[in-house]
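What follows is each chain in one-letter form.
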Number of protein chains: 8
Amino acid sequence: MTRPYVRLDKNDVTVLLVDHQAGLLSVARDFDADAFKNNVLALADIARFFELPTILTTSFEDGPNGPMVPELKEMFPTAPYIARPGQINAWDNEEFVAAIEKTGRKQLLIAGVVTEVCVAFPALSAIEAGYDVFVVTDASGTFNPVTREAAWDRMSQAGAQLMTWFGVGCELHRDWRNDIEGFGGLLASHLPAYANLMQSYSQQTQG
Amino acid sequence: MTRPYVRLDKNDVTVLLVDHQAGLLSVARDFDADAFKNNVLALADIARFFELPTILTTSFEDGPNGPMVPELKEMFPTAPYIARPGQINAWDNEEFVAAIEKTGRKQLLIAGVVTEVCVAFPALSAIEAGYDVFVVTDASGTFNPVTREAAWDRMSQAGAQLMTWFGVGCELHRDWRNDIEGFGGLLASHLPAYANLMQSYSQQTQG
Amino acid sequence: MTRPYVRLDKNDVTVLLVDHQAGLLSVARDFDADAFKNNVLALADIARFFELPTILTTSFEDGPNGPMVPELKEMFPTAPYIARPGQINAWDNEEFVAAIEKTGRKQLLIAGVVTEVCVAFPALSAIEAGYDVFVVTDASGTFNPVTREAAWDRMSQAGAQLMTWFGVGCELHRDWRNDIEGFGGLLASHLPAYANLMQSYSQQTQG
Amino acid sequence: MTRPYVRLDKNDVTVLLVDHQAGLLSVARDFDADAFKNNVLALADIARFFELPTILTTSFEDGPNGPMVPELKEMFPTAPYIARPGQINAWDNEEFVAAIEKTGRKQLLIAGVVTEVCVAFPALSAIEAGYDVFVVTDASGTFNPVTREAAWDRMSQAGAQLMTWFGVGCELHRDWRNDIEGFGGLLASHLPAYANLMQSYSQQTQG
Amino acid sequence: MTRPYVRLDKNDVTVLLVDHQAGLLSVARDFDADAFKNNVLALADIARFFELPTILTTSFEDGPNGPMVPELKEMFPTAPYIARPGQINAWDNEEFVAAIEKTGRKQLLIAGVVTEVCVAFPALSAIEAGYDVFVVTDASGTFNPVTREAAWDRMSQAGAQLMTWFGVGCELHRDWRNDIEGFGGLLASHLPAYANLMQSYSQQTQG
Amino acid sequence: MTRPYVRLDKNDVTVLLVDHQAGLLSVARDFDADAFKNNVLALADIARFFELPTILTTSFEDGPNGPMVPELKEMFPTAPYIARPGQINAWDNEEFVAAIEKTGRKQLLIAGVVTEVCVAFPALSAIEAGYDVFVVTDASGTFNPVTREAAWDRMSQAGAQLMTWFGVGCELHRDWRNDIEGFGGLLASHLPAYANLMQSYSQQTQG
Amino acid sequence: MTRPYVRLDKNDVTVLLVDHQAGLLSVARDFDADAFKNNVLALADIARFFELPTILTTSFEDGPNGPMVPELKEMFPTAPYIARPGQINAWDNEEFVAAIEKTGRKQLLIAGVVTEVCVAFPALSAIEAGYDVFVVTDASGTFNPVTREAAWDRMSQAGAQLMTWFGVGCELHRDWRNDIEGFGGLLASHLPAYANLMQSYSQQTQG
Amino acid sequence: MTRPYVRLDKNDVTVLLVDHQAGLLSVARDFDADAFKNNVLALADIARFFELPTILTTSFEDGPNGPMVPELKEMFPTAPYIARPGQINAWDNEEFVAAIEKTGRKQLLIAGVVTEVCVAFPALSAIEAGYDVFVVTDASGTFNPVTREAAWDRMSQAGAQLMTWFGVGCELHRDWRNDIEGFGGLLASHLPAYANLMQSYSQQTQG
């Protein structure tokens, strides 16, 4: 009745950022806009910090969906970037799957907009293809909380693990001693409450 | 520990609209009335867009439950329409099951009012009968969110997949290139936020 | 990956009302007090309408927990009534289990206060003992919604089915033709929104 | 900067029940249906307990709005009952105003459906006509909480006092010694949480 | 301590629709997108039904704010349409104020996006200029409910009356006998719950 | 259009604790039970810290309402304690008013259960009698948030100032230098979040 | 019954930032931490953009309250910075009031932590001193929403105007033509939803 | 399709308290701070009442995370206390696992801050290591409810049982007759609503 712990391994993870486009973001309303932007950028920072292979994809970026969020494009200048010509499920795009296969990794971190489509469809496909799938729930947005709950249930029942960017970062880092300054800085820049702790600490011990 | 991806296939899906009746709708209060009406009509538009076999059924429509919502009746003039003489679980009505069997399809999209009865009972029966069952959660309504959560849990644990009309439309469409104008129009007419994107895009590129 | 439909059968169901005591009800705050009282009495009416064997039990009713809600006592004057001398899990009380076994039935409807203890403990014990367990979620109350969610998860994962009194009544009734007046009256007395439909219908067709 | 205390006086109060009709109640969704029914009947019981002049009025009761809730009609068999032929603001109906004036009283308790129209319009008219107006907020319902908040603000700023049925009962009763049994019974029948206290008390002191 | 009832008069009202633009609507998230669209169009239908002078204005419609919602433009083809060259407070635009003055009316109904700016600024200016100002709260949207509450408070304390489109329609109509079919049709097309009542009524009395 | 700042003055304040009785607390559900208990005790600690005259009163403490919360009784062993024989509005009890007058103070801090009755009635009476009234909103509880909002509005419009225990403590203390240890300790014992700050500070500066 | 429009004037406004300290921020939980940080920095950017005199003050920054948020300190290197030795109400600090008086301005924008103390106390004092007070509600935080509502009510009833940073910026800017790039950039950096509009616009018109 | 009932056994349980540190608690905002503190101390009291082996661990307590909550340290003076030098997942610390193994027990109760990391990681590791894992959900806190839901789902799907401190206490106690006074006192000190029942009972039966 229990599952073995499939644990994120920085040497076996690929990150998939699906359809974080300026237009589509206007329909993602299950998170506060400020918090959601922060979550997406935090995940991107994690991908860079751990030097994880990262794959970007968009849907119809010349139309109303709008361009990929520019910060993401700038952060991954050399990453595979697949502007899908029409496939809604990114997994239906051969170039996208090939980019994943090329990494030779078996763990996939997926985030995107909207959750029940751009995230859930490739997540379900990837599970069937044998990958270990981790959904970064707070870097994925959709119309409202009810839709999110249905999407989470479908993915969870199929075998995806539901995580958040903070959990992802911590599970990858494993031990603070690997890099205290670097990882602490990453957290501070995306967690105001933690940054406050660091500032108080800094003043009180150095002041 | 994982499930294969049972994916909606427009050639293998039948839509069941159960008890969307004018009276019963007055007790469905887990969704805002405007949004719920929109969700039900969006599902109906999807059924027509993909030419899915659709079956309508009602319970006691000459009594307090009231008539089937007129828009639905008008949209499916030739669909099987089973006014059940008393069975609460539509699956207990032989005519209803026969209509489903006649389609020869194995995937069922179910929506109705109220969720824990008119949707859950036939969903559970259909699963047992070997069908792949997809619940269109946002086109199904009930008394309050707590009741909805209990009903979702019962269906999900039995093997139903929880979806929403938007996810259903996208999973059926698969590729925008199949019909950009048609599917885009469908989305725009039911997603004000997406329609806004299209209008801005249209003005900015054509203006 | 799917479950067979274990369906409530009025000839195979026993109802367990656990610790609906005047004092304990003051700690059940995940439902509005008016609605919760209505839910509990609706379940009791269903038990009587379908003549289901019903077993009442209390915990320390001479102390702060207070007496069983008087309406319940009056509705089931001849039902087994087990005032437990100390066992928290009613299933640890031999008299309680014996009363259940005596019914010879295999389906148990359980409701009580508080959900994560008085309901969950006997539910988990009954599942292990081979019974089919149905939790009447809205006739069971606890401190707050977060506690309820944890309790639901534990029971659902163990194999209990989560229902509400309305779903229970409909699944037992199966067909309106079995008794339109009786079942309609039951619903009307516990569902104000449905009673309104009946009144409008009545005036408009008879007026 | 302060206001004198305009206090409800059972010898100077008239109760106005406006458009509590079976159909209209289906649109009042800012309160749970069980709680709202209880609130309206509690106000009616208060009106009878204190023998307050009570005036009923309806809008188009032969049409979709449906009949006055039958319990109210039965509780006030001899009360003025004004089926308005068309006026939306009951104060525009001369018969309604005449019935109020005939009571010779200067304090008005108003409740109705929907709050921003059937309650607010006569409340604002009555204030202008010099009456002291008290809105029974929880026996008045409307589409959703946002609408309710706007309606409350409009009435409050115009000088209406916002109350609830419990506060109304207590302010009218003033002293428990006037009738402990009667008023206690009224509260117990509409406040399950208070009834529980009474039952525990009763058992513990008499048992 | 009370205010006289300043009541909407269809012969003295002008409607101001401020900045309902496709882009700006993507930031209005205190209402569900479906409900908000419905509210705005309902107000527009009311303006047309009562033949109220209506004035449209936009801010930078050639830029990211996007074009006026096309439905509004189509509904008021001959209305004054002021594309403001830069003024944030529409009242700072002389053409806008001149259009209002030209109507010779003293009551202003204002709705727009976003509430605390595009609605509140001209509302406060209009109050100071001596107009009676009514804010159509549910046809006005902003970032989140907290912002809305602050904006409502500022306007209410300054003397604006907070209303909703339904209240506006009813206060203008005054008496159903002025036009039962027309006004009923207007309500039915924007209030699904009311439309359901009409359908049930229609079937039950004509069927 | 503005009010002068009526500021709490520890030499001019009397505290009124109205009907915080064990039974009545079971109906106060607009605050979490843990938080509410903390709020009431925090207010009591403030009364003692600033040596404010404090008056306790109860309603029918020998009946279902139950005894005054024992902590309060113990904290104010010599305070006037008025067990009202029947008056619902404590201000109708001459002994209660006499105890207030005897203090010779003009500012009243009122808290109690339930807000719309036990707090609002004496608050409105006190305002009329010329006192400056401050409601300690978070040490006052009632059935639900909607009731609370109506009660707040009635009191605020009449001229009461709405505060919370934390604001009360700070406004009375005025300057930390009056007693850093004492006031800090009071805050720490009732504000876990602040206590955490103090612990971190203590360790980091002394460790 | 109406108020004249006291409108923010960039030549007559001073900004007061009160106690935005790293420790205190850990108790401000009525806003999401990400959103709150953004709101405070947005207000600071506005102060700089319009070159408004800005005054910073802290309470016990060497103790558990922690240091002023470093971003604020860096943004206003030459601003008056008053580390209060003990006064809770900043207005009780002569240096603070002198700094305000020195600006010769009569409009005060106040934000701080916590709302009911650090904001409300100086706001009420400033109103009494004859200033026009504007509370920047979303750059002010406190323990929970109930506390916030009480604090808002107290300040609003005393004559403060409740605003948000976005409204403040727009009311100060008055006309986009004063600086389109500058003000647009400010909005984009603090409103992700607006930034998305700008990106889509940019691509669609320049692409 | 059902699970056997793995029931807490006081002779087979070890309690793990992970990272309840003063600094970290400032980021745990999915529970009210008062309630959360109470929940954590209630769990600690349970551990002591049943004399359960208890293991404390912290992460970087000399840095911003701050010291272990002092109450916990004081309550378990002789418990193993592992200040982890860097491992985020406590299970990666050999000393921690050794302390658990040394107890020779197979049931683990885990609580900590933050839920998705400090609780979930060791919970998943312990499940894989063959332990029966019970998460004390309400003594575990994190950033917000959405994060909590994702973390619960991950742990529940892996086989952890979700409980609360009250359920834990009751499942361990099994029978009130084991110690009525002791266990009753424990509940009363952490459940104000239950303490009220006891006080009313005490007065009414002894008074």
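Residues numbered from 1 in each chain as written. Chains lettered and ligands numbered in written order. Predicted model: local features only at pLDDT ≥ 70, side-chain atom pairs only at ≥ 80, totals over all residues. Heavy atoms only, no water.

Going by what an unreviewed UniProt entry lists, chain A is known as Hydrolase and is assigned to Halomonas litopenaei.

Q: So what's going on with the sheet that holds strand S2 (residues 54-59) of chain G? Which residues, and what values?
A: Residues and elements named next belong to chain G. Taken in spatial order, the six strands make up an open sheet running S3-S2-S1-S4-S5-S6, and their pairing is parallel. Taken across any chain shown, the strands that pair with only one partner, and hence form the sheet edges, are strand S3 (81-84) and strand S6 (161-163). Adjacent strand axes in the sheet meet at a mean angle of 25°, parallel and antiparallel pairs treated alike. As defined by bridge partners, strand S1 (residues 13-18) adjoins strand S4 (residues 107-112) across six bridges and the pair is classed as parallel. Looking across to S4, one finds that Thr14 is bridged to Leu108. Helix H3 (residues 94-103) contacts S1, S2, S3 and S4 of the sheet and is inclined by roughly 175° relative to S2. (Pairing = 2+ DSSP bridges. Helix = DSSP H or I, 4+ residues; strand = E, 2+ residues; numbered from the N terminus. Axes fitted to C-alpha atoms, helices over the stretch in contact; angles between N-to-C directions. Contact = heavy atoms within 4.5 Å.)

Q: Explain the relation of the copies chain A and chain B to me, using residue names and the numbers behind them.
A: When chain A is fitted to chain B, the best match, at an RMSD of 0.0 Å, comes from turning it 90° and sliding it 0.0 Å along the axis. Overall, the copies show the geometry of a four-fold rotation axis. Among all residues of chain A, the minimum C-alpha distance to the rotation axis is found for Gln157 of chain A, at 5.9 Å. A different interface surface on each copy is seen, since only 8% of the contact residues of chain A are contact residues in chain B too. (Least-squares fit on C-alpha atoms with pLDDT ≥ 70 in both.)

Q: Can you lay out helix H4 (residues 115-128) of chain F for me, pointing to particular residues and giving the numbers?
A: Structurally, the α-helix is built with 3.6 residues per turn, so residues lying three or four positions apart point the same way. Residue and element names in this part refer to chain F. Between its first and last C-alpha, H4 extends 18 Å over 14 residues, near the 20 Å set by a 1.5 Å rise per residue. Of all 14 residues in H4, 13 are buried; the element is thus mostly enclosed. One or two positions beyond H4, positive phi appears at Gly130, with a value near 100°. (Expected span 1.5 Å × (residues − 1). Buried < 20%, exposed > 50% of the residue type's maximum accessible area, 1.4 Å probe, protein only.)

Q: Describe in detail the UniProt feature "domain: Isochorismatase-like" (unreviewed entry) in chain A, supporting the description with residues and values.
A: Using the residue numbers shown here, the UniProt feature "domain: Isochorismatase-like" (unreviewed entry) corresponds to residues 15-165 of chain A. Regarding residues 15-165 of chain A, the helix share stands at 41% and the strand share at 19%, and the terminal C-alpha atoms are separated by 12 Å. (UniProt positions renumbered as here; feature names shortened; annotations may be inferred.)

Q: Describe in detail the interface of chain A and chain B, supporting the description with residues and values.
A: For an interface, size is often stated in terms of accessible area lost upon the parts coming together. The partner chain B presents 35 residues to the 37 residues of chain A that form the contact. With both sides pooled, the region where chain A packs onto chain B buries about 3,000 Å², and carbon together with sulfur makes up 61% of that total. In this structure, the connection of chain A to chain B is made through two salt bridges. In this structure, the salt-bridge partner of Arg7 of chain B is Asp92 of chain A, at a minimum N-O distance of 2.5 Å. Where chain A meets chain B, there are 12 residue pairs in polar contact (both at pLDDT 80 or more). For the side of chain A that touches chain B, the secondary-structure elements that each account for two or more residues are helix H4 (115-128) and helix H5 (145-158) of chain A. For the side of chain A that touches chain B, the element with the most residues is H5 of chain A, which contributes eight residues. A class-by-class count of the residues in the side of chain A that touches chain B yields 15 nonpolar, 13 polar and nine charged. (Buried area = accessible area lost by both parts, 1.4 Å probe. Salt bridge = Lys/Arg side-chain N within 4 Å of Asp/Glu carboxyl O. Polar contact = N/O pair within 3.5 Å; in protein donor to acceptor, adjacent residues only side chain to side chain. Nonpolar A, V, L, I, M, F, W, Y, C, P; charged D, E, K, R; others polar.)

Q: Quick rundown of the packing of helix H7 (residues 180-190) of chain E against helix H8 (residues 192-206) of chain E? Include the residues and the values.
A: Residues and elements named next belong to chain E. H8 packs onto H7 with a crossing angle of 120° between their chain directions and a minimal axis gap of 5 Å. Accordingly, the angle class assigned to the pair H7 and H8 is oblique. For the pair H7 and H8, the crossing hand works out as left-handed. When H7 is examined against H8, the residues Gly184, Leu187, Ala188 and His190 are found in contact with a partner set consisting of Pro192, Tyr194, Ala195 and Met198. Here the contact of H7 with H8 is built from residues that sort into six nonpolar, two polar and no charged. (Parallel < 35°, antiparallel > 145°, perpendicular 65-115°, else oblique. Left-handed = near helix turned anticlockwise from the far one by under 90°.)

Q: I'd like to hear about the sheet that holds strand S3 (residues 81-84) of chain H, residue by residue, with values.
A: The strand order S3-S2-S1-S4-S5-S6 (chain H) describes an open sheet built from six strands, whose pairing is parallel. Here the strands that pair on one side only, and so sit at the sheet edges, are S3 and strand S6 (161-163) of chain H. Sheet twist, expressed as the mean angle between neighbouring strand axes with direction ignored, is 25°. Judged from the three bridges that link them, strand S5 (residues 132-136) of chain H and S6 of chain H form a sheet pairing that is parallel. Bridging across to S6 of chain H, Phe134 of chain H finds its partner in Gln161 of chain H. Along the sheet, helix H5 (residues 145-158) of chain C contacts S5 and S6 of chain H; its crossing angle with S6 of chain H, the most-contacted strand, is approximately 150°. With respect to the sheet, helix H6 (residues 165-173) of chain H is in contact with strand S1 (13-18), strand S4 (107-112), S5 and S6 of chain H, its orientation differing from that of S6 of chain H by roughly 105°.

Q: Can you tell me about the arrangement of the chains, naming the residues and giving the values?
A: Nothing in chain B touches chain H, and the closest approach of their C-alpha atoms is 10 Å. The smallest C-alpha distance separating chain E from chain H is 18 Å, and no contact links them.

Q: Go over the pattern of salt bridges with me, naming the residues and quoting the values.
A: Pairs may arise between side chains of opposite charge once their charged atoms sit close together. All told, the structure shown has 40 salt bridges over all chains when counted by the stated rule. A salt bridge links Asp30 of chain B to Arg148 of chain B, with the nearest nitrogen and oxygen atoms 3.4 Å apart. Note that Asp30 of chain B is positioned in the loop between strand S1 (13-18) and helix H1 (33-49) and Arg148 of chain B in helix H5 (residues 145-158), a separation of 118 residues in sequence. Arg148 of chain B matches Asp30 of chain B in its accessibility class, with the two residues each being buried. With its nearest N and O atoms 2.9 Å apart, the salt bridge here joins Arg84 of chain D to Asp19 of chain D. With Arg84 of chain D in strand S3 (residues 81-84) and Asp19 of chain D in the loop between strand S1 (13-18) and helix H1 (33-49), this pair connects stretches of sequence that are 65 residues apart.

Q: Please set out the domain arrangement of chain A residue by residue, giving values where relevant.
A: Residues and elements named next belong to chain A. The domain architecture assigned to chain A consists of domain 1 (13-174) and domain 2 (178-207). Centre-to-centre separation of domain 1 and domain 2, based on C-alpha positions: 28 Å. Each side of the interface is counted separately: domain 1 has 12 residues, and domain 2 has nine residues. The three residues of domain 1 that bury the most area against domain 2 are Phe49, Trp165 and His173, which together make up 52% of that side's buried surface. (Domains from an automatic or database assignment.)

Q: Tell me about the pairing of strand S5 (residues 132-136) of chain C, and name the residues and values.
A: All names here are of chain C. Of all five residues in S5, four are buried, a share of seventy percent or more. The sheet contact formed by strand S4 (residues 107-112) and S5 spans four bridges and is parallel. Bridging from a neighbouring strand, Leu108 pairs with Val133 of S5. You can see the chain leave S4, run along helix H4 (residues 115-128) and come back into S5, and the turn it takes is right-handed. Since S5 and strand S6 (residues 161-163) lie parallel, the crossover through H5 that links them has a hand, and here it is right-handed. (Right-handed = clockwise from strand over helix to strand, strands pointing away.)

Q: Got a sec to walk through helix H7 (residues 180-190) of chain H? Specific residues and values, please.
A: Along H7 of chain H, the residues that are buried comprise Phe183, Gly184, Leu186, Leu187, Ala188 and His190 of chain H. Against the buried residues of H7 of chain H lie helix H1 (33-49) of chain F together with helix H1 (33-49), H6 and helix H8 (192-206) of chain H. One side-chain oxygen of the residue at the start of H7 of chain H lies 3.4 Å from the amide nitrogen of Glu181 of chain H, identifying that residue as Asp179 of chain H.

Q: I'd like a description of the packing of aromatic side chains, backed by residues and values.
A: Inspection of the entire model under this criterion finds 76 aromatic pairs over all chains. An angle of 85° between the planes, with centres 6.0 Å apart, marks the rings of Trp165 of chain B and Phe166 of chain B as edge-to-face. Each ring, one from Phe31 of chain C and one from Phe36 of chain C, has its centre 5.9 Å from the other, and the planes form 20°; the classification is stacked. Just as Phe31 of chain C is buried, Phe36 of chain C falls in that class too. Members of the aromatic cluster, joined through ring pairs, are Phe49, Phe50, Trp176 and Phe183 of chain A together with Phe60 of chain H. The ring of Phe31 of chain C carries the charged tip of Arg148 of chain C above its face, separated from the ring centre by 5.1 Å. (Phe/Tyr/Trp six-rings, centres within 6.5 Å; stacked < 30°, edge-to-face > 60°. Lys NZ or Arg CZ within 6 Å of the ring centre and 35° of its normal.)

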